[in-house]
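The chain contents come next:
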Amino acid sequence: MTTDNEPTDRPVTGPAPRRAWTGPLLAAIWLVFLAVPLRDAAAAATVPLRVAGLAGVAGLAALFAWSFVRHWSGRTTTRRTAALVVLAELACVALVAVAAGQAGLIGLVFVCTTVVVLASPRVAAAAVAAVVLALVALPRVVAGWQPDDGLVLTTLLAALAMYAFRRAAERNRRLRLAQEEVAALAVAQERDRISRDMHDILGHSLTVVSVKGELAARLLRSEPAEDGAPARAPGVERAEAELTEIQALVRSALADMRGMVSGERQVTLAGELAAARSAFDAAGLAAELPGTVDDVAEEYRDVFAWALREGTTNVLRHAAARRVVVALTPASLVMDDDGRGLPPDRPASSGGNGLRGLTERATAAGLVVETGPSPLGGLRLAVHADGEDPA
């Protein structure tokens, strides 16, 4: 039995969901034993007794089924709720006993099994002992009742069977938890291996690209001017500047990859705005970008940073755009371009791995990702809070 401050409907973490029909089916099998009290209650001498007896049988069946199915589904019950359920079952047994006589004592079997399901082993043992004592004593003191040792034995066997069922269910639950932990550890180890391999392979390649870019820039700077030619041709200066930017991009990619492998990668909205402005300027695009991110809600900035990075990559790689407009509000980011947009046969909701990853991040933060035609004629990428108008 749990403590009073635990939530009443807290699901047990970890175990895989059981089949929905199995718990009610097992509870229904137990309820077959209420057939005798139900028959005797329906045959009571007066209508009020019949109504009371049938109500008691129905209440006892409902309470037992509720506790059994609840335990089968893996949910816990507070101590107060468990005590109220047991007291209500005892009241139902009293109603059935008044209407059906000694047959109503069969309901005590269900009281025992409910206590075994909801209570701790020590409390359950005390409750079973009290019920057994009542089953032995009541027939001997109530006029017209006969001792029924078979019912006493049935009660003990039912309590033991329910205790064994409870222990088996708990062991299976712990086993499922252990299996899920092992699976999670295996996934984490595989991710670590992939990260290390990616670092070793791509890190080497990016380092070589950076070194060769630096070498090319040095060769351009040391290239002697021909007779009669200007000391530095404009094309050479532009090529040197582009090589310098390539080196900076490669170093940034290396830093991002190392941070990703080590789990310390940091993406900021202000940094992505600066990187997008630099990339658009280098590509010759007319870009309208916000100058500050102070108005953006703090909990949305990381997702907006990833959205801006994804949108910038798509514009530079696929859009063939000449103009880009980015708008920020406290709860939305909208990126429009005048490029070629989506192909006619491609739905707006489709996307590559980058868009799928962005959608997962946005969903975790309570945001919505939308793509579609832009007022500029190209593609619109909008990330906004649910219910927020991105326009």
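Please refer to the structure higher up on the page.
Just so we're clear, the structure is a prediction, and the values are computed from it rather than from any experiment.

J.: So what about the nonpolar core? Which residues, and what values?
T.: Formed by 41 residues in total, the largest nonpolar core has its most connected members in Trp 30, Leu 108 and Leu 135. For this core, the secondary-structure elements that each account for two or more residues are α3 (47-72), α4 (79-100), α5 (107-118), α6 (121-141) and α7 (149-222). The residues touching Trp 30, leaving out its near neighbours within four places in the chain, are Phe 64, Phe 68, Phe 110, Thr 113, Ala 158 and Met 162. Formed by 32 residues, the second largest nonpolar core is a distinct cluster that contains Leu 285, Tyr 300, Phe 304 and Met 335.

J.: Before we move on, can you summarise the pattern of salt bridges with the specific residues and values?
T.: Side-chain pairs of opposite charge can arise whenever the charged atoms involved come near each other. The tally for this structure, following the rule as stated, stands at six salt bridges. Ionic pairing is found between Glu 272 and Arg 309, a salt bridge with its closest N-O pair at 2.8 Å. Taken as a pair, Glu 272 in helix α9 (residues 269-283) and Arg 309 in helix α10 (residues 301-319) lie far apart in primary sequence, 37 residues in all.

J.: Summarise the pairing of strand β3 (residues 332-337); cite the residues concerned and give the values.
T.: Side chains on a regular strand alternate between the two faces of the sheet. Within β3, six of the six residues are buried, leaving the element largely enclosed by the surrounding structure. Burial along β3 is two-sided: Ser 332, Val 334 and Asp 336 facing one way and Leu 333, Met 335 and Asp 337 facing the other are all buried. The pairing of strand β2 (residues 323-329) with β3 spans six bridges and is antiparallel. Note on β3: the bridge partner recorded for Val 324 is Asp 337. Hairpin connection, β2 to β3: the antiparallel pair is bridged by two residues. Summarising the sheet, β3 and strand β5 (residues 379-385) pair through five bridges and their orientation is antiparallel. By the bridge assignment, Ser 332 is partnered in β5 with His 384.

J.: Can you tell me about the sheet that holds β5, naming the residues and giving the values?
T.: Spatial strand order, β1-β2-β3-β5-β4: five strands in an open sheet with mixed pairing. The sheet is open, and its two borders are formed by β1 (286-288) and β4 (367-373), each paired with just one other strand. Averaged over neighbouring strand pairs, the angle between their axes works out to 10° when direction is ignored. Set on the sheet, α10 makes contact with β2, β3, β4 and β5; between it and β3 the angle comes to about 5°.

J.: I'd like to hear about a nonpolar patch on the surface, residue by residue, with values.
T.: Nonpolar side chains collect at one region of the surface, where Leu 84, Leu 87 and Leu 90 lie side by side and expose about 290 Å² of accessible area between them. Relative to the helices and strands, Leu 87 is located in helix α4. On the basis of relative accessible area, Leu 87 is assigned to the exposed category, the value being 54%.

About the criteria used
- Residues numbered from 1 in each chain as written.
- Predicted model: local features only at pLDDT ≥ 70, side-chain atom pairs only at ≥ 80, totals over all residues.
- Heavy atoms only, no water.
- Core = buried A, V, L, I, M, F, W, Y, C linked by side-chain atoms within 4.5 Å.
- Buried < 20%, exposed > 50% of the residue type's maximum accessible area, 1.4 Å probe, protein only.
- Helix = DSSP H or I, 4+ residues; strand = E, 2+ residues; numbered from the N terminus.
- Contact = heavy atoms within 4.5 Å.
- Salt bridge = Lys/Arg side-chain N within 4 Å of Asp/Glu carboxyl O.
- Pairing = 2+ DSSP bridges.
- Axes fitted to C-alpha atoms, helices over the stretch in contact; angles between N-to-C directions.
- Patch = residues over 30% accessible without salt bridge, like charges linked within 9 Å, V, L, I, M, F, W, Y side chains within 5 Å.
- Areas by Shrake-Rupley, 256 points an atom, 1.4 Å probe, with all protein chains shown as cover.

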